[in-house]
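Structural characterization, general
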Amino acid sequence: MKSFEFKNPVKIIFEIGAIERLHEEIKDYHNILFVYGGGSIKRTGVYDRVIKELGDKNVVELSGIVPNPETVKVYEGVELCKKHDIDFILAVGGGSVIDTVKAISSARYLNGDFWQKLYIDHEDIEKALPFGTILTMVGTGSEMNSGGVITNPDVKIKCSYGHELLFPQFSLLDPTLTYTVPREQMVSGIIDMFSHLMETYFSLPDEDNVSDSIAEALMAGIIRNAKVAYVDMENYDARSNLMWTASLAINGLTAAGKGEDWQSHTLEHTLSAYYHIPHGLGLAIVHPHYLKYVYKGHFKKWKRFLKVVFDTDANEMNEEETANLAIEKITEFFKSLGAPTKLSEIGIDDSKLREMAENTMEFKVDYSDLKHEDIYNIYKSAL
C-alpha cells in the first residue's frame, strides 16, 4: 500500500428516530440556517420533526435546493448567513443539500467570489461555518466527508471543492427516512456509491491490499442489498446496509493507500452540467464505457474483481475477455435496476459531445491519461 494519512472526525448517529438527537447536538448554537430541497420533507413530516427539535433557536430557512445544486443558492445562503449572524447550518436532505451547505460554509468568511477562488482556483480557506446533516437520501456520501460538488449553469461547469474544515460536525442517519424517496432516486444513489468504490478500487496499487478488500466487500454488499431494496423499498435491513455503505464508500476508508481515479465522475459532471440528469444515472452510462477504454494492463485486478464481486471465474479467459465480462456484469447490474446505460436511452445525441469533451478537464490518473480526444471517444462510445 502507498503511504497515507487518514482523518475523519464526523460523528455518526445511526438509529431509527435519529432526528430526536438533534436538539442535543446543536445546544451550543443559536442562529441556525436550515437548508433543504423541495417540499418532500414537508409532505413526509420530516420538516415538522426538525422544527420541533430546533425549539427556541433563531431559524432562517433556505429551501429550493435542486439536484446538481447550483451557485445561485450558495450566494443566497452566504447573504443569509451574514444578514442573520448565522453560527450553524443544518442540512436536511441528500447530497445536493449537503454540498450546497458545504459551499456556503466555505464561502461565508471568504473575501471574493467563492466559485472562482474555491471551485476553479482551489484556494485554501482559513475558516468555515460549522454544520451538521440529517440524511434523507443516500448515495453521495457527503454526510461523512469534506468535499462537495456545485454546478455553475452560466458556464456549464460542475466541479468539486474539498477542505478539512468542511467535515460535518455530525450526521444523523435514520434509514426509515429514505423509504419515501422515489425508486429512481434510490437507484441513482445506489449506482453513485458503487461508482465511488470503483473509482478507488481501479487505481494503483493493484496488488493485494486492505483497502481493495474493503471495497470488494462493500461492492458485493451493494449488489446483494440493491436487489432486495429494488423490490421492497421499505426493507429495513437492505436500506440500512445501503445507507451505511454509501457513507463508507467515500469517507476516505477505501482510498487509504490508493492512487484514486475520479475520471468517470469528471466525465459525468460535464454530462449532468449540460443535461441536468441525476448524477448516478449519468454514472451508469459513462463509468462502464470509461473502464472499457482504460482496462489494459490490469489483468489480475479484473480477474480478482470478477471473482470476488460477481462470483465468476475467468480462469480460461485472456485479459480482454476478462475485462469485457466484468464490465458486462457491471452494466447488467445497472440495467437490472432500471438505469440507462447509453446516452441515446435518455434522448442525448452527438450534437454536444465535442463541446462537452473540450469542457472536461484533462488529467492523468493511475489507469488513464485522457486528452480531450479520448474523452470525446468515450462519450461517443456511450451513444
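Structural data are supplied above this passage.
The notes below deal with the structure included here. This one's a predicted model, so the numbers in the text were calculated from it and none came from an experiment.

Another point: the overall build of the protein chain. Assigned secondary structure in the protein chain consists of 15 helices and 10 strands. Taken against the 2.2 N^0.38 rule, which gives 21 Å for 383 residues, the C-alpha radius of gyration of the protein chain at 20 Å falls within 12% of a compact globule. If one aligns the C-alpha atoms of the protein chain with their principal axes, the spans along those axes are about 65 × 45 × 45 Å. Taking all 383 residues of the protein chain together, 57% fall into the buried category. Of the contacts made within the protein chain by residues no fewer than 6 positions apart, 77% connect residues no fewer than 24 positions apart.

Time to look at a nonpolar patch on the surface. A cluster of nonpolar side chains, contributed by Met1, Phe4, Phe6 and Val210, occupies part of the molecular surface with about 430 Å² of accessible area. By the secondary structure assignment, Phe4 is in the segment before strand E1 (11-14).

What follows covers the packing of helix H11 (residues 279-294) against helix H13 (residues 319-336). The contact between H11 and H13 brings their axes to 10 Å, and the two run at 175°. Relative to H13, the element H11 is oriented roughly antiparallel. Between H11 and H13, the contacting residues are Ala284, Pro288, Leu291 and Lys292 on the first element and Asn324, Ile327, Ile330, Thr331 and Phe334 on the second. Here the residues of the contact of H11 with H13 are counted per class, giving six nonpolar, two polar and one charged.

Right, let's get into the environment of Val149. Note that Val149 resides in strand E6 (residues 147-152). The class of Val149 is buried, set by a relative accessible area of 17%. Distance in space between the C-alpha atoms of Val149 and Glu70 is 9.1 Å, their sequence separation being 79 residues. Setting aside residues no more than four positions away along its own chain, Val149 makes contact with Pro69, Asp99, Lys158, Cys159, Ser160 and His269.

Attention now moves to the pattern of salt bridges. Throughout the structure, instances matching the rule amount to 16 salt bridges. Glu25 is paired through a salt bridge with Lys11; the nearest N and O atoms lie 2.9 Å apart. Of the two residues, Glu25 is situated in helix H1 (residues 22-25) and Lys11 in strand E1; the sequence distance between them amounts to 14 residues. Here Glu25 falls in the buried class, since its relative accessible area comes to 18%. Since its relative accessible area comes to 39%, Lys11 is described here as partly exposed. In this structure, the salt-bridge partner of Lys307 is Asp313, at a minimum N-O distance of 3.3 Å. We classify Lys307 as partly exposed; its relative accessible area is 38%.

Counting through the fold element by element, Thr341 comes out in the loop between H13 and helix H14 (353-358). Residue class for Thr341 comes out buried when judged on its relative accessible area of 6%. A C-alpha to C-alpha distance of 27 Å links Thr341 and Ile65, two positions 276 residues apart in sequence. Excluding residues within four positions of it along the chain, Thr341 makes contact with Ala284, Ile285, His289, Thr331, Phe334 and Lys335. A distance of 3.4 Å separates a polar atom in the side chain of Thr341 from a polar atom in the side chain of Glu345.

Attention now moves to a negative patch on the surface. Taken together, Asp121, Glu123, Asp124, Glu126 and Glu164 make up a surface patch of like negative charges. Look at Glu126 and you get exposed, because its relative accessible area is 81%.

Moving on, we come to the nonpolar core. If you look at the biggest cluster of nonpolar residues, it comprises 99 residues, and the most contacted ones within it are Leu33, Ile89, Phe194 and Phe305. Per element, the largest residue contribution to this core is nine residues, and it comes from helix H7 (residues 183-201). The contact partners of Phe194, leaving out residues within four places of it in the chain, are Met219, Ile222, Ile223, Phe310, Ile330, Phe333 and Phe334. Judged by nonpolar contacts, the second largest core, of 21 residues, contains Phe34, Val46, Leu54 and Ile134.

Strand order in the open sheet made by the six strands is E1-E8-E5-E4-E2-E3, with parallel pairing throughout. Each having just a single partner strand, E1 and strand E3 (58-62) make up the two edges of the open sheet. Geometrically, the sheet is characterised by an average inter-axis angle of 20° between neighbouring strands, direction not taken into account. Strand direction decides the pairing type here: strand E2 (residues 31-36) and E3, joined by five bridges, are parallel. Bridging from a neighbouring strand, Val35 pairs with Leu62 of E3. Strand contacts of helix H4 (residues 71-83): E2, E3 and strand E4 (88-93), with the helix running at about 165° to E3, the strand carrying the most contacts. Most of the contacts of helix H9 (residues 236-249) go to E1, to which it runs at about 175°, and overall it touches E1, strand E5 (131-135) and strand E8 (170-173).

Now for the pairing of E6. Counting buried residues along E6, five of its six residues qualify, which places the element largely inside the surrounding structure. As paired elements, E6 and strand E7 (residues 157-162) share six bridges and run antiparallel to each other. What sits directly across from Asn152, in E7, is Ile157.

The topology assignment puts Glu216 in helix H8 (residues 210-231). Given a relative accessible area of 5%, Glu216 falls into the buried group. Separated by 2.4 Å, the side chains of Glu216 and Arg304 make a polar contact.

Thresholds applied
- Residues numbered from 1 in each chain as written.
- Predicted model: local features only at pLDDT ≥ 70, side-chain atom pairs only at ≥ 80, totals over all residues.
- Heavy atoms only, no water.
- Helix = DSSP H or I, 4+ residues; strand = E, 2+ residues; numbered from the N terminus.
- Rg over C-alpha atoms; globule rule 2.2 N^0.38 Å.
- Buried < 20%, exposed > 50% of the residue type's maximum accessible area, 1.4 Å probe, protein only.
- Contact = heavy atoms within 4.5 Å.
- Patch = residues over 30% accessible without salt bridge, like charges linked within 9 Å, V, L, I, M, F, W, Y side chains within 5 Å.
- Areas by Shrake-Rupley, 256 points an atom, 1.4 Å probe, with all protein chains shown as cover.
- Salt bridge = Lys/Arg side-chain N within 4 Å of Asp/Glu carboxyl O.
- Axes fitted to C-alpha atoms, helices over the stretch in contact; angles between N-to-C directions.
- Parallel < 35°, antiparallel > 145°, perpendicular 65-115°, else oblique.
- Nonpolar A, V, L, I, M, F, W, Y, C, P; charged D, E, K, R; others polar.
- Polar contact = N/O pair within 3.5 Å; in protein donor to acceptor, adjacent residues only side chain to side chain.
- Lys, Arg positive; Asp, Glu negative; His and termini not counted.
- Charge placed at Lys NZ, Arg CZ, Asp CG, Glu CD.
- Core = buried A, V, L, I, M, F, W, Y, C linked by side-chain atoms within 4.5 Å.
- Pairing = 2+ DSSP bridges.

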